[in-house]
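# Report on the structure
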Amino acid sequence: MSISSSTEILRFNTEVGIRYQLYNSLFTSLPFHRIEKTGIMLSLLQSLCEEGYKKKMSPVAILEDFFSRHTTYTTEQQQLDLLFRFVQYVERQVVLFDALEDAAFSKLNDMKGLGTLKQLHSDVIQEDKQVQLQKRLRDFSVRLVLTAHPTQFYPGSVLGIINDLSKAIADNNLNQINIYLQQLGKTPFFKKQKPTPYDEAVSLIWYLENVFYPASGKIASIMAQQFADSYDPTHSLIRMGFWPGGDRDGNPFVTSDITLKVADALRGAIIKCYYMDVRKLRRRLTFEGVEAKLQELEKRLYDNIFIPGYRADLSQQEVLDTLYQLRETIIHQHNGLFLGMIDGLIHRVHLFGLHFATLDIRQDSAVHSEVVSELCTSLKGPDYASLSRDQKLEWLSALSGPCELASTASPIARDTLSTIGIIKKIQEQNGKSGCDRYIISQCKYPEHILEAFALFVAGGWKRNAIDVDIIPLFETIDDLHNAASVMQELYSFVPYMDHLKRRGRKQTVMLGFSDGTKDGGYLMANYSIYKAKKELSIVSAKYNIDIVFFDGRGGPPARGGGKTHKFYASMGGDISQKEIELTVQGQTVSSNFGTVESAQFNMEQLVNAGISSQLFTSGASTFSDQEQELLDQLAEESFNAYVKLRSHPYFMDYLTHASPLRFYAETNIGSRPAKRGGSSRLSLQDLRAIPYVGSWSQMKQNVTGYYGVGTALREMERKGKMKDLKAIYQRSTFFRTLIDNCEMAMKKCFFPLTAYLSDHPVYGEIWSDIQSEYELTRQYILMLSGKSDLMEDYPIEQISIQTRERIVLPLTTIQQFALTRVREMEEKNIPTPLRGSYEKLVMRCSFGIINAGRNSA
């Protein structure tokens with residue numbers, strides 16, 4: 001171990017580890033029923049779990065041994081009551097650990113080091129790249145799109161406690177820490193009802209107001225100070241996007257009324273932020289010629305928040321004009337006193353306008369096809385579904401609007417056209433940036449984009465004045481492989497190319513990591529997205545189109561998470577990086593952007609990555625032709641291994657049997673259903689990626705983060721290619737980060753938990769295959785990297801994962817115990833009123849397990 005690693009671990013243990021032991025002991029002194037006994041018995045169970053798994057005991061055997069030797073509980077109900085208390089206790093231990101890590105963030109991370117704006121400034125000066133930087137900043141931006149994907153298992157009230165608790169810990173305020181721990185003890189973690197899409201929007205708007213607003217403002221101010229000659233505040237370097245209330249893909253609860261209500265809430269939230277800042281300014285700018293104008297601006301903002309009739313009676317430009325007038329007065333009449341405060345607000349108004357975040361609209365291509373078909377019928381046209389492709393394109397091109405649907409039209413058809421209509425209204429109230437992106441999921445063919453385009457015409461937009469970007473989303477492995485040919489055909493379609501010319505010759509394409517991984521496994525999905533980006537960059541350049549890639553990333557590596565900024569920093573000249581756009585989902589919002597410090601740090605990493613990849617690289621391709629050929633083989637071998645597992649006749653039955661998959665919908669963490677379609681039986685095709693990935697993570701097998709990698713590496717060794725792969729690993733940040741993320745997924749695996757399945761008559765074979773692939777992957781990754789342990793280069797993350805996994809070991813054990821009991825009741829048809837309690841126990845364990853992983857779903 002290096003000296004720097006030892007120092008990092010010592011710092012982590014001082015700031016987090018020792019404090020966790022100290023504050024954890026406070027739980028047992030809280031004034032709650034039987035809490036001291038619960039804490040002591042939980043500690044005992046944790047030790048028994050560790051010893052039991054070493055002895056190859058099953059979760060059932062461990063808990064039965066615990067109850068018989070260490071408790072006097074003789075009834076099932078008494079035992080269940082204790083297990084539920086354990087769950088509640090561990091949930092709060094996880095919260096404490098989260099708060100401690102958040103409080104120590106600035107001490108555990110170098111806030112002015114590698115990947116920050118400070119380092120970027122040094123590199124630009126040292127390499128004399130000021131001119132290139134100025135050119136790059138003209139059109140580069142980072143867009144973070146907050147989504148309502150159901151991966152956030154903390155309710156809003158608990159997130160608020162984490163925020164407050166981390167501040168109290170940072171201030172070492174023991175009294176406040178004790179009070180917040182008491183509040184935590186009385187605050188429920190489980191929502192009895194599913195949130196509505198509007199509830200989800202309100203939760204994420206809290207982050208916009210309290211985290212992204214100040215953090216983005218700080219970044220803009222740093223850019224203005226350090227890069228004064230290059231940075232243009234009128235060009236938004238940071239852009240926020242928003243899906244709650246706009247994403248209706250598979251969510252029947254998102255309607256046009258909800259969309260409008262969320263847009264209004266976003267506008268009200270940003271005006272409230274400006275209002276609070278203006279009030280702070282008034283406390284300082286008490287000068288002649290300034291105070292009256294500020295007071296007038298404060299009143300205008302106040303009226304827009306609290307008086308509905310004023311809502312549309314304010315513009316971004318009006319706010320900016322007033323602030324710039326005040327700025328001139330302060331400079332010329334008051335010696336520039338408090339100029340920084342005025343400039344900070346100006347920067348934020350440029351960034352957020354009156355929209356705060358762009359409300360993206362998303363819908364499935366199959367819905368568009370159905371709506372177009374109904375429209376065709378309403379207009380007494382041909383049977384759309386029976387038309388050839390050429391006939392469809394001809395009909396779509398000839399359509400003129402606005403169009404009326406027949407009285408018999410379906411509710412979803414009416415809502416789709418209504419939504420397209422209200423986009424105009426949102427743009428009028430919030431500004432053009434308030435809602436100017438329409439995303440088509442499950443996009444497979446050019447007509448899927450043209451159907452959405454035609455629906456805008458039907459919805460009342462003039463064909464030559466559609467102020468909206470139409471964004472296809474390619475998700476499955478086949479769709480990723482075909483993406484470039486789809487876009488080439490689209491670029492050849494004159495009406496659509498005319499639309500792109502009006503939109504500044506820019507085309508955004510979204511690429512989905514989650515469904516790609518579910519479809520083709522970890523390595524093939526990530527490599528297919530790289531190849532799709534390369535091919536799309538070539539095709540778009542051929543048509544003189546600037547292509548922007550919008551990455552649909554989740555939290556875990558299996559869904560595009562992990563060390564995201566390193567992927568962007570590693571892109572070569574063969575991949576367009578005009579902008580960086582990515583989704584920030586559920587857990588990732590609170591874990592990576594939960595505080596102003598962590599949000600600023602992670603946004604700086606993305607800004608630095610996007611700029612540095614263009615300024616300080618040779619412009620060469622990410623991989624040479626020979627390297628790409630080798631990686632093609634590696635990805636194909638990995639894909640074949642994953643597909644073989646996925647095609648096993650008992651694959652989905654195994655996942656349903658051994659994981660909490662079927663209880664996912666009962667967690668009430670999101671408004672969207674856990675699967676597509678109305679079938680009662682779970683199928684891999686209908687199952688959404690989040691419960692799929694989350695279920696593997698809860699049973700500590702994380703198949704989606706590594707399966708097939710070991711088999712592929714072994715095959716390359718057999719072909720004598722390991723030396724070449726090692727060379728790629730050492731040279732390519734992209735490939736190395738791909739492997740790093742794979743290691744992260746594997747570090748969270750624990751096969752002794754489910755080893756009792758190894759001799760199961762039906763599922764033993766699958767369990768053994770997965771465990772063997774894990775061991776094979778571990779062996780070959782260490783061979784490839786030359787390291788002795790997984791995540792060896794990331795000592796703080798390594799020890800954090802180890803601690804978190806140890807905290808939730810009793811929960812994973814309890815969950816498997818409860819799952820076994822439920823299966824026994826089902827298989828033996830045992831009528832018992834306790835079955836519902838066991839099912840609830842399975843579901844309740846999910847909260848602590850997923851929260852402890854921080855990026856597990």
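Up top is the structure these notes are about.
Residues numbered from 1 in each chain as written. Predicted model: local features only at pLDDT ≥ 70, side-chain atom pairs only at ≥ 80, totals over all residues. Heavy atoms only, no water.

### Here we look at the environment of Arg284
On the secondary structure map, Arg284 appears in helix H11 (residues 256–284). Residues contacting Arg284, with those up to four places away along its chain left out, are Phe338 and Met341. (Helix = DSSP H or I, 4+ residues; strand = E, 2+ residues; numbered from the N terminus. Contact = heavy atoms within 4.5 Å.)

### Brief notes about the environment of Ile205
Position of Ile205 relative to the elements: it lies in helix H10 (residues 197–226). Between the C-alpha atom of Ile205 and that of Ala265, which follows or precedes it by 60 residues, the distance is 8.3 Å.

### What about the nonpolar core?
Counting residues in hydrophobic clusters, the biggest one holds 268 residues, and the most contacted among them are Phe242, Leu725 and Phe735. At 15 residues, the largest contribution of residues to this core is made by helix H4 (residues 76–103). Beyond its immediate sequence surroundings of up to four residues, Phe735 is in contact with Phe623, Leu631, Leu634, Leu725, Ile728, Tyr729 and Leu784. Residues Ile439, Ile471, Met510 and Phe550 belong to the second largest nonpolar core, which totals 7 residues. (Core = buried A, V, L, I, M, F, W, Y, C linked by side-chain atoms within 4.5 Å. Buried < 20%, exposed > 50% of the residue type's maximum accessible area, 1.4 Å probe, protein only.)

### What about the packing of aromatic side chains?
By the definition in use, this model includes 34 aromatic pairs. With centroids separated by 6.5 Å and ring planes inclined at 90°, the aromatic side chains of Tyr650 and Tyr763 adopt a geometry described as edge-to-face. Placement of the pair is Tyr650 in the loop between helix H26 (625–646) and helix H27 (651–658) and Tyr763 in the loop between helix H31 (733–747) and helix H32 (764–785), with a sequence separation of 113 residues. Taken together, Tyr650, Phe651, Tyr654, Tyr692, Trp696 and Tyr763 form an aromatic cluster joined through their ring pairs. Above the face of the Tyr198 ring, Lys261 is positioned so that its terminal group lies 4.1 Å from the ring centre. Looking at Lys840, its charged tip hangs above the ring of Phe84, at a distance of 6.0 Å from the centre. (Phe/Tyr/Trp six-rings, centres within 6.5 Å; stacked < 30°, edge-to-face > 60°. Lys NZ or Arg CZ within 6 Å of the ring centre and 35° of its normal.)

### Things to note about the sheet that holds strand S9 (residues 580–585)
Pairing is parallel across the open sheet formed by 9 strands, whose spatial order is S3-S2-S1-S9-S8-S7-S6-S5-S4. The open sheet has two edge strands, strand S3 (358–359) and strand S4 (361–364), and neither has a second partner. Across 7 bridges, strand S7 (residues 506–512) lies against strand S8 (residues 546–552) in parallel orientation. Looking across to S8, one finds that Met510 is bridged to Phe550. Sheet strands touched by helix H19 (residues 477–491): strand S6 (469–474), S7 and S8. Its angle to S6, the strand with the most contacts, is close to 150°. (Pairing = 2+ DSSP bridges. Axes fitted to C-alpha atoms, helices over the stretch in contact; angles between N-to-C directions.)

### Description of the pairing of strand S1 (residues 142–147)
Counting buried residues along S1, 6 of its 6 residues qualify, which places the element largely inside the surrounding structure. Neither face of S1 is exposed, since Val142, Leu144 and Leu146 on one face and Arg143, Val145 and Thr147 on the opposite face are all buried. Across 5 bridges, S1 lies against strand S2 (residues 238–242) in parallel orientation. From the neighbouring strand, Leu144 faces S2, where its bridge partner is Met240. Strand direction decides the pairing type here: S1 and S9, joined by 6 bridges, are parallel. Note that in S9 the partner of Leu146 across the bridge is Val584.

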